[in-house]
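Understanding the architecture of this molecule
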Amino acid sequence: IDPISVSVALGAASVLTGLVTYTDLYCRFAECCPKKQRLNETALKLELEEKLFGQHLATEVILKALTGFTNNNNPRKPLTLSLHGWAGTGKNFVSQIVAENLHAKGLKSNFVHLFVSTLHFPHEQQTKLYQDQLQQWIRGNVSACASSVFIFDEMDKLHPGVIDAIKPFLDYYEQIDGVSYRKAIFIFLSNAGGDLITETALEFWRTGRKREDIQLKDMEHVLSVGVFNNKHSGLWRSRLIDRNLIDYFIPFLPLEYTHVKMCVRAEMRARGSAVDEDIVTRVADEMTFFPKDEKIYSDRGCKTVQSRLDFQ
Ligand SMILES: Nc1ncnc2c1ncn2[C@@H]1O[C@H](COP(=O)(O)OP(=O)(O)OP(=O)(O)O)[C@@H](O)[C@H]1O
């Protein structure tokens, strides 16, 4: 054995080891973009089942979509989810859970980006500017981290056309100007389609069928067509829909009295208080329910539970 090559090899090995340790150490303190997107399926499943109430369809589809996408080393396009439903039914809540399961810092991660239409894109006459800014922002962030997550809240308040600026990034291209967008995840949140979802849920209720028997096929098509034809959906006549670039339309069902009670209990536990059923009932009774005759669904979902609890 040649002593010189041995020492070169040893030196190289130690530098390499040093480097690996340095990177590990660095990533322990600073946030690093994961080279391979890892998802703990079991943990996500458990979290959704335990924390998200009354949303069997969303739980099922989100799990399936994320597991399939993150297990695929070579996705052909980014994952695009469009979450629809009445206010306070858990769309933001789920996005937060998803973000945390993909990047430990969740919404605070440098690789998770939240856009709120009324905040980031308020003026219709500046659509062109927003389109340019959005493209630049997404390009820059995906170049820095391929598995970036982009969440667009209040899609129904987004001016038509803004979102079409990102169509090329959501398409099946291998690369655009040297950047691959295939590992990114886009999540759209919207109230659009909430009425269609409620109609279907009511139809099941009125005909004595169980809420849990509602299937994705009962809604997905109606939802995509409804959103495409709705001028105030953010996806009105959007090329994202007619080019089939949205992978899943995910319905969030309106929440019932029992779900509101579950939210109150969860909130009490989160505050470290013992669950007091009298308070739970009081808070749930204060919420308003629709339709006028049956009063089945909370018109704000679980949204005002936290503030109502403050006044008990
Ligand atoms: N299905 C649910 N299961 C458990 N908690 C829920 C659910 N829906 C809502 N909540 C609670 O209510 C809060 C508000 O809900 P969230 O912000 O997710 O509603 P949203 O659907 O995004 O409403 P909006 O369309 O008005 O933005 C959540 O932070 C969560 O605490």
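Residues numbered from 1 in each chain as written. Predicted model: local features only at pLDDT ≥ 70, side-chain atom pairs only at ≥ 80, totals over all residues. Heavy atoms only, no water.

**Thoughts on the domain arrangement of the protein**
Split into domains, the protein comes out as domain 1 (1-30), domain 2 (41-252) and domain 3 (257-310). Relative to domain 3, the C-alpha centre of domain 2 lies at a distance of 27 Å. The interface is formed by eleven residues belonging to domain 2 together with 15 residues belonging to domain 3. By the criterion of area lost to domain 3, the three top residues of domain 2 are Phe53, Gly88 and Trp205, representing 45% of everything that side buries. Put simply, domain 2 and domain 3 have one salt bridge between them. Among the salt bridges present, the one from Glu294 reaches Arg206, with a minimum N-O distance of 2.8 Å. On the surface where domain 2 and domain 3 come into contact, there are five residue pairs in polar contact (both at pLDDT 80 or more). Grouping the amino acids of the side of domain 2 that touches domain 3 by side-chain chemistry returns six nonpolar, three polar and two charged. (Domains from an automatic or database assignment. Contact = heavy atoms within 4.5 Å. Buried area = accessible area lost by both parts, 1.4 Å probe. Salt bridge = Lys/Arg side-chain N within 4 Å of Asp/Glu carboxyl O. Polar contact = N/O pair within 3.5 Å; in protein donor to acceptor, adjacent residues only side chain to side chain. Nonpolar A, V, L, I, M, F, W, Y, C, P; charged D, E, K, R; others polar.)

**Comments concerning the pairing of strand S5 (residues 248-252)**
S5 sits mainly inside the fold: five of its five residues count as buried. Alignment of strand S1 (residues 79-85) against S5, held across five bridges, turns out to be parallel. In the strand pairing of S5, His84 is matched with Pro251. (Buried < 20%, exposed > 50% of the residue type's maximum accessible area, 1.4 Å probe, protein only. Helix = DSSP H or I, 4+ residues; strand = E, 2+ residues; numbered from the N terminus. Pairing = 2+ DSSP bridges.)

**Notes on the site of the ligand**
Close to the ligand lie 18 residues; Gly88, Lys91, Asn92, Asn191 and Lys303 are nearest. Note that an oxygen atom of the ligand is positioned 2.9 Å from one of the side-chain N or O atoms of Asn191. Here an oxygen atom of the ligand sits 2.4 Å away from a polar atom, N or O, in the side chain of Lys303. When the free accessible area of the ligand is taken as 630 Å², the share hidden by the protein chains comes to 85%. Grouping the amino acids of the shell around the ligand by side-chain chemistry returns eight nonpolar, seven polar and three charged. Shared between two domains, the shell around the ligand holds at least three residues of each, these being domain 2 (41-252) and domain 3 (257-310). (Near = heavy atom within 4 Å. Areas by Shrake-Rupley, 256 points an atom, 1.4 Å probe, with all protein chains shown as cover.)

**Side note on the packing of helix H11 (residues 257-270) against helix H12 (residues 277-286)**
One way to put it is that H11 packs onto H12 with a least axis distance of 9 Å and a crossing angle of 130°. Here H11 is positioned oblique relative to H12, judged by the angle of their axes. Both H11 and H12 take part in a crossing whose hand is right-handed. Together, Tyr257, Val260, Lys261, Val264, Arg265 and Met268 of H11 and Glu277, Ile279, Val280, Thr281, Val283, Ala284 and Asp285 of H12 make up the contact between the two elements. By residue class, the composition of the contact of H11 with H12 is eight nonpolar, one polar and four charged. (Axes fitted to C-alpha atoms, helices over the stretch in contact; angles between N-to-C directions. Parallel < 35°, antiparallel > 145°, perpendicular 65-115°, else oblique. Left-handed = near helix turned anticlockwise from the far one by under 90°.)

**What about the sheet that holds strand S3 (residues 149-153)?**
Ordered in space as S2-S3-S4-S1-S5, the five strands form an open sheet in which the pairing is parallel. A strand with exactly one partner marks an edge of an open sheet, and here the two such strands are strand S2 (112-116) and S5. Strand-to-strand, the axes of this sheet are offset by a mean angle of 15°, without reference to chain direction. One ladder, built from six bridges, connects S1 with strand S4 (residues 185-190); its direction is parallel. When the sheet's bridge partners are listed, Leu83 is paired in S4 with Leu189.

**Focus: the state of the cysteines**
Applying the stated rule across the entire model yields two disulfides. Between the sulfur atoms of Cys33 and its disulfide partner Cys145 the distance amounts to 2.1 Å. The S-S bond linking Cys33 to Cys145 shows a torsion near 75°; that makes this disulfide right-handed. Here Cys33 is found in the loop between helix H1 (3-29) and helix H2 (41-51), whereas its partner Cys145 is found in the loop between helix H6 (127-144) and S3, with 112 residues between them in sequence. Judged by relative accessible area, Cys33 falls into the partly exposed class, the value being 26%. With a sulfur-sulfur separation of 2.0 Å, Cys263 is cross-linked through a disulfide to Cys302. Disulfide Cys263-Cys302: the torsion about the S-S bond is 85°, which places it as right-handed. Here the residue Cys263 occupies a position in helix H11, and Cys302 occupies one in the loop between strand S7 (297-298) and helix H13 (305-310), the gap between them amounting to 39 residues. A single burial state applies to Cys263 and to Cys302, both of which are buried. (Disulfide = S-S within 2.5 Å.)

**Quick notes on the packing of aromatic side chains**
Under the counting rule described, the total for this entry stands at nine aromatic pairs. With centroids separated by 4.7 Å and ring planes inclined at 20°, the aromatic side chains of Phe115 and Phe152 adopt a geometry described as stacked. Of the two residues, Phe115 is situated in strand S2 and Phe152 in strand S3; the sequence distance between them amounts to 37 residues. With respect to class, Phe115 is no different from Phe152; both count as buried. Arranged with centres 4.4 Å apart and planes meeting at 20°, the rings of Phe169 and Tyr181 form a pair that is stacked. (Phe/Tyr/Trp six-rings, centres within 6.5 Å; stacked < 30°, edge-to-face > 60°.)

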